[in-house]
Amino acid sequence: MREPVYYSGSAEFFDTHAHIYDWKFKAAGISTEEILQRCKSSGVTGVLIPADSEETSRIAVEMANKHDGYEGVALYASVGVHPHEAKTYTEDTEKYLRSALEARTGLKIMALGEIGLDYYYDLSERSVQRDVFERQMKLAYEYDVPIILHEREATGDCLDILRRFYKEGRMRSVPGVCHCCSCSLEASQELLKMGFYLGFDGPLTFKNNKKTPEVALNTPWDRIVIETDSPYLTPEPNRGCINEPCHVPFVCSKLAEIKGVTIDEAAQITYDNGKKLYGVD
Ligand SMILES: [Zn+2]
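Residues numbered from 1 in each chain as written. Predicted model: local features only at pLDDT ≥ 70, side-chain atom pairs only at ≥ 80, totals over all residues.

So, about the pairing of strand 7 (residues 197-200). Burial of strand 7 is two-sided: the residues Tyr197 and Gly199 facing one way and the residues Leu198 and Phe200 facing the other way are all buried. As paired elements, strand 6 (residues 176-178) and strand 7 share 2 bridges and run parallel to each other. Bridge assignment links Cys178 to a residue of strand 7, and that residue is Leu198. For the crossover from strand 6 across helix 8 (residues 185-193) to strand 7, the handedness is right-handed. Sheet topology note: the strand 7/strand 8 (residues 224-226) ladder contains 3 bridges and is parallel. (Buried ≥ 20, exposed ≤ 12 C-beta atoms within 10 Å, placed from the backbone. Helix = DSSP H or I, 4+ residues; strand = E, 2+ residues; numbered from the N terminus. Pairing = 2+ DSSP bridges. Right-handed = clockwise from strand over helix to strand, strands pointing away.)

It is worth spelling out the sheet that holds strand 4 (residues 109-118) at this point. Two pairing modes exist for strands in a sheet, parallel and antiparallel, and in both the strands are linked by backbone hydrogen bonds. Strand order in the open sheet formed by 8 strands is 1-2-3-4-5-6-7-8, and the pairing between neighbours is parallel. The open sheet has two free edges, formed respectively by strand 1 (13-15) and strand 8, since each of these has just one partner strand. Shown here is a sheet whose adjacent strand axes are inclined to one another by a mean of 25°, direction ignored. Pairing between strand 1 and strand 2 (residues 44-49): 3 bridges, direction parallel. Paired with Phe14 across the two strands is Gly46, which belongs to strand 2. The sheet strands contacting helix 10 (residues 248-259) are strand 1, strand 2, strand 7 and strand 8, and the helix crosses strand 8 at an angle near 145°. (Axes fitted to C-alpha atoms, helices over the stretch in contact; angles between N-to-C directions. Contact = placed C-beta atoms within 7 Å.)

Between its first and last C-alpha, helix 6 (residues 126-143) extends 26 Å over 18 residues, near the 26 Å set by a 1.5 Å rise per residue. Within the sequence span of helix 6, burial applies to Gln129, Arg130, Val132, Phe133, Gln136, Met137 and Ala140. With its phi angle positive at about 55°, Asp144 sits one or two positions after the end of helix 6. (Expected span 1.5 Å × (residues − 1).)

On to the packing of helix 10 against helix 11 (residues 263-278), then. Following both chains from N to C, one finds helix 10 and helix 11 inclined at 110°, their axes separated by 8 Å at the closest point. Here helix 11 runs roughly perpendicular to helix 10, going by the angle between their axes. From helix 10, Cys252, Ser253, Leu255, Ala256 and Lys259 reach across to helix 11, where they touch Ile263, Glu265, Ala266, Ala267 and Thr270. Grouping the constituent residues of the contact of helix 10 with helix 11 by class yields 6 nonpolar, 2 polar and 2 charged. (Parallel < 35°, antiparallel > 145°, perpendicular 65-115°, else oblique. Nonpolar A, V, L, I, M, F, W, Y, C, P; charged D, E, K, R; others polar.)

What follows deals with the nonpolar core. Within the largest apolar cluster, 75 residues are counted, with the highest numbers of intra-cluster contacts made by Phe13, Val47, Ile49, Val177, Leu198, Cys252 and Leu255. Excluding anything up to four places from it in sequence, Leu198 contacts Val177, Cys178, Cys181, Ser188, Leu191, Thr219, Arg223 and Ile224. (Core = buried A, V, L, I, M, F, W, Y, C linked by C-beta atoms within 7 Å.)

Here's what the structure looks like:
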């Protein structure tokens, strides 16, 4: 595997979405300590670890609490069930989510997610995905936490559900973040109107991707967060390497280029946005 390059400037970054517990790291012989050491040397001082099932919710929470502050990196977690895993959602899962959300302040749980719809892989039946998404939307409102939305090839149904919650007043004024935003300009504008933040990651830097830079250009600065979605979607110039939070500066630098600001300015703004979105002091 080729050697990645690293950011060496003085800006600080918040990777708002990195699955650092993923089996791919273990398989590649990369420890959590190494990941956090590389965060530190690349200026990544905040990382949110999102969940995709009950099992990874427990792991994300444990990891965020066990390693928080290691190498000066602040860690946070989310709990929730991804559309891929919707078929595993039971009454017991909901009981677990409720107990985790009740205890969230002491456990560094900042959000409910990833939740949403994925009609690209269709790993759970679509009707089940919609049902589980709605159940968790209700929980997010009940516990007053932002959601981490995962939407792929399901924009129509996803917006239908969100619109309904929005119109019925069952959504927070800041509903959450559309992570790895891949929808159309039109859909992204509707999400922004509902109060969502948009999360950008590796695909923003891909040379053949014209749509995402246009979406980013048309998103107000105060609604943008950056993320890696590690271990997937490695940004340029490190495409082909396993993705780690230490690569988030390259997403930030592309964003800065699109918006016509310096990387330091883009880092500061997206850091503040991440803190606001997740309610971090
Ligand atoms: Zn993810």
